[in-house]
Structures are given as structure tokens and as C-alpha cells.
Amino acid sequence: MKQEQKLPLAGIRVVEFVHMVMGPTCGLVLADLGAEVIKIEPPDGDHTRHLTASGAGFFPTYNRNKKSLAVDLKSAAGREIVLKLLATADVVSENFRPGAMDKLGFGYAAVKKLKADIIYCSHKGFLPGPYEHRTALDEVVQMMGGLAYMTGGKGRPIRAGASVNDIMGGMFGAIAILSAIIQRKATGEGQYVQSGLFENNVFLMAQHMLEGFMTGKPVVPMPDRVRAWAVYDTFNTRDGQQVFVGVVTDTQWKVFCDEFNRPDLLTDPALLCTYLAGFATLFKGRWSIVTPPQDANPAAVERVAELWRRLGAADRVPVPGAGAPGGGGGFPALRHQRRPLGRGRGAHGALRRGGQCGGRGDGGRDDQRPDTPQALCPESEPTAERVLDRMKRFGD
């Protein structure tokens, strides 16, 4: 019988003190790669479990494939549980406010005494510097770093439509941890690493900063700027939908003109070398998807699906539908993924006695193939007595 291949981080134990999005994203990446991630929660559960409205998806999204432990970190019994667990860990991840972990007795210096080769990752709003003690949120750093300015139009800064900085911060934390694991194999030593929310926003904005440096002109928000390509925008179709059309190479320009039966545009001397500068007005003015001219092929612009089939086939010209999350032009690719978002006992992993993520009542973790994840989100062990009774398992 062929032995199933283990995931890359199988055998790595991660203990995380995290909440919301940034810290949990780091653990999510590590768990998906095969690490055993044990999430420490307060006795009443991570407060992110109970968020509503736009926060309702946080917990189930960023906590799949994890185990969970509900414990009072300020009680003697709770501290005993956590300290024993930390002594068996390879990695610690936290995103508490600056100084909070030290006050609890679980900072890097304290944990290093328990496990000399520990890798300890702190996710913070700001890296060391003048703002390192400030509280930060995704939206705060989007405003500070320029992402909100670039996303909205002039005078209308608006946050991006997802927690991009929190997610990136967690991913950078995971990258730092993976690098430290590799280095530990060579040196035998652990280390302290950090990921900063504000600093990863600056990285996102680097292309615009360098644009200003290279051109000598102030950068313009994305909705108002002159794009690098003339045909690179969202257009309305006659059936009331929207598609994004991007023509960014000479080959795509030829395909575009051929499909819409416009050889005159392809051979127009005025556009032959300068279409990137002049075609946008022509395309959106006297010949557009909304009102094609008499000599255009009407079937080519009748429906979004037809436009996708004609231009998007075999990656000839990018023409995605502009839809809501989970829909639009990207849905078939999402549906085709072999690995689902997760499976488990309900959307919010309700707190109850016994059970861990993975669907096994004894709390064990099965070896999993990359295409068979464990649970959507973890349940918690709510009592100190039950956890102490199971600490032998943590020491295996």
C-alpha cells in the first residue's frame, strides 16, 4: 500500500495567542502546511467568534485546521497548563498589544527559558520605532500608508474591500517563521521575529512611491489616473452587466480587433504606434460595448458570457466579469479548486465540552493529504481539569 505523503510542516507544534485576522492568518497558513496549531482562547472563547455583520466571517475563515484551548491565563491552573504546553512547542505566535505577553509571563524571554530553541513571532501594528506602542487597525494603516488614498478617487479615500494588511501581515509572519525553522535546522537556535501591519501597507504602496520618484509627479488615485494601457477598464454591456477588458500587448490588440471585426482600427496609421495613448477615447466614445457601430459584430457584445468565451478563451485577452465575492468571472476557478475552504461542525465552531477540530471526538489529529483539510474552525476545551488530564498527549 502506497504511503501517503505528509504535509511539509508535519511534526511542528505552534501555540498561538491571537485574535481577529492578522495573527490567525499566520496560524492558518502554518496549519494548512501541516503544523499542529493550538489556539489559546479565553474561557468564554475568542471574542471574534461572536462578531456579527462584516466581522461574522472572521473566525471561520482564519481558524480552520486548528485545535483550540480555552483557559484563564491569569489563574494558577491556567498558567500551569499553558507553560507545560509551551515547553513542547516549536513556535509561538501572538498579536496582543505591546507588552501584554510579558505582563502575562509568556513573552519571548520567559518562553525561551522553557524552550531554548523556540521561534517566537509577534504581530504588531508597527515595528520598532516612534509608533511601536500605538494601536493599529487595518483601516488605520490604510489611511496612514496611502492605500485608502489610492483606492478612492480624489478627495474620497476609502479602505480596500478586504482586510488586506491584516492578511498580508499574517502571511509575512508565516514567512518569517518558515525562514526561522530552516535556519534553526542549521544552527539549532530559535529566534524572535516580528511582522508589522503598517510596514506591510508601505510595501503595498511602494510601486506608487517609486512611480512618483521616477516621474517626478504626484501620484493620482487609481480611479482618476491615466492608466498605462488605454483599453484597461470596466465597461457596461447591453444586458446590464459589467466586464473588465484589458488589452496590454500588441498580440491582444490584434485579437481584440479581429474578434470585433475592426481591421480598420488595427491598420489605422494614427493608432498603429500610438493606440496606447489614443484608443481609450475612441473605444469609450464613438465605439463602445454599450453602443457598437453598425459594422461591428453585435453577437460579440450581446452577453457577458459570450464576450468571455470569445476574448477570454485560452487567456487571449483578460475579460473577467465584475461581480461580488464568490461570483463574477472568478467563480468557475474557485469552484474547480480541489481543496475546499474547510469542513467541520458549523460555521462558528461553537464552544462545547470535548472534541477538537478534525471531526474526532478524542481530540486527535489525523495525518492529512493536502487536498483533505480538517475542520473549518476549532472547538475549545473549556475546563482546566479536562485539559490537565490530556496534557500527556501534548507531551508526546
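Remember, predicted model here, so these are calculated numbers, not experimental data. (Residues numbered from 1 in each chain as written. Predicted model: local features only at pLDDT ≥ 70, side-chain atom pairs only at ≥ 80, totals over all residues. Heavy atoms only, no water.)

Colleague: I would appreciate a short explanation of the overall build of the protein chain in the present structure.
Modeller: Counting its regular elements, the protein chain contains 17 helices and eight strands. Per-residue burial over the protein chain gives 43% buried out of 396 residues. For the protein chain, contacts bridging at least 24 residues in sequence account for 71% of all contacts bridging at least 6. Carbon and sulfur atoms make up 58% of the accessible area of the protein chain, which amounts to about 20800 Å² in all. (Helix = DSSP H or I, 4+ residues; strand = E, 2+ residues; numbered from the N terminus. Buried < 20%, exposed > 50% of the residue type's maximum accessible area, 1.4 Å probe, protein only. Contact = heavy atoms within 4.5 Å. Areas by Shrake-Rupley, 256 points an atom, 1.4 Å probe, with all protein chains shown as cover.)

Colleague: Looking at this structure, I do not really get the nonpolar core. What am I missing?
Modeller: Among soluble globular proteins, nonpolar side chains are generally buried collectively. Grouped together as the largest cluster of nonpolar side chains are 20 residues, with contacts concentrated most on Phe17, Ile40, Leu73, Leu86 and Phe106. Broken down by secondary-structure element, the contributors of at least two residues to this core are strand E1 (13-17), strand E2 (36-41), helix H3 (76-86), helix H4 (100-104) and helix H5 (108-114). A total of four residues in this core trace back to one element, the largest contributor, which is H3. Leu86 has contacts with Val15, Phe17, Val92, Phe106, Val111, Leu114 and Lys115, leaving out every residue within four places of it along the chain. (Core = buried A, V, L, I, M, F, W, Y, C linked by side-chain atoms within 4.5 Å.)

Colleague: What should I look at first to understand the pattern of salt bridges in this one?
Modeller: Counted under the stated rule, the structure contains 14 salt bridges. Residue Asp32 is joined to Arg64 by a salt bridge in which the shortest nitrogen-to-oxygen separation is 2.6 Å. Of this pair, Asp32 sits in helix H1 (residues 22-32) while Arg64 sits in the loop between helix H2 (58-62) and strand E3 (66-70), and the two are 32 residues apart along the sequence. Taken individually, Asp32 and Arg64 each receive the classification buried, so the pair is uniform in this respect. The salt bridge partner of Arg262 is Asp264, with a shortest N-O separation of 2.8 Å. For Asp264, a relative accessible area of 37% translates into the label partly exposed. (Salt bridge = Lys/Arg side-chain N within 4 Å of Asp/Glu carboxyl O.)

Colleague: How should the packing of aromatic side chains be read in this particular structure?
Modeller: Between two aromatic rings, the relevant description is the distance of the centres plus the angle of the planes. Taken as a whole, this structure holds nine aromatic pairs when the rule is applied. Plain terms: the ring middles of Phe126 and Phe198 are 5.5 Å apart, the flat faces sit at 40 degrees to each other, and that makes the pair tilted. Taken together, the residues span a long stretch of sequence, with Phe126 in the loop between strand E5 (119-124) and helix H6 (138-145) and Phe198 in helix H9 (residues 197-215) at a distance of 72 residues. What makes Phe126 buried here is its relative accessible area of 3%. Seen from their ring centres, Tyr232 and Phe244 are 5.0 Å apart, and the 85 degrees between their planes marks the pair as edge-to-face. (Phe/Tyr/Trp six-rings, centres within 6.5 Å; stacked < 30°, edge-to-face > 60°.)

Colleague: What should I look at first to understand the sheet that holds E3 in this one?
Modeller: By way of backbone hydrogen bonds, the strands of a sheet pair with one another, either parallel or antiparallel. Pairing within the open sheet is parallel, and its six strands lie in the order E3-E2-E1-E4-E5-E6. What marks the edges here is a single partner per strand, and that holds for E3 and strand E6 (191-196). For this sheet, the mean inter-axis angle between neighbouring strands, taken without regard to orientation, is 20 degrees. With five bridges joining them, E2 and E3 adopt parallel strand pairing. In the strand pairing of E3, Ile40 is matched with Leu69. The sheet contacts of H3 involve E1, E2, E3 and strand E4 (91-94), and relative to E1 the element is tilted by about 140 degrees. Here helix H8 (residues 164-187) sits on the sheet in contact with E4, E5 and E6, set at roughly 165 degrees to E5. (Pairing = 2+ DSSP bridges. Axes fitted to C-alpha atoms, helices over the stretch in contact; angles between N-to-C directions.)

Colleague: Explain the state of the cysteines to me, please; I cannot follow it from the model alone.
Modeller: One pass over the full model with this rule turns up zero disulfides. Take Cys26: it sits in no disulfide, and the sulfur closest to it among the cysteines is that of Cys121, at 5.0 Å. (Disulfide = S-S within 2.5 Å.)

Colleague: Please clarify how the side chain of Asp90 should be interpreted in this entry.
Modeller: With respect to the helices and strands, Asp90 occurs in the loop between H3 and E4. Of the polar contacts made by the side chain of Asp90, one reaches the backbone nitrogen of Arg13; its length is 2.8 Å. Setting aside chain neighbours within four positions, we find Asp90 in contact with Gly11, Ile12, Arg13, Lys115, Asp117, Ile118, Ile119 and Arg184. (Polar contact = N/O pair within 3.5 Å; in protein donor to acceptor, adjacent residues only side chain to side chain.)

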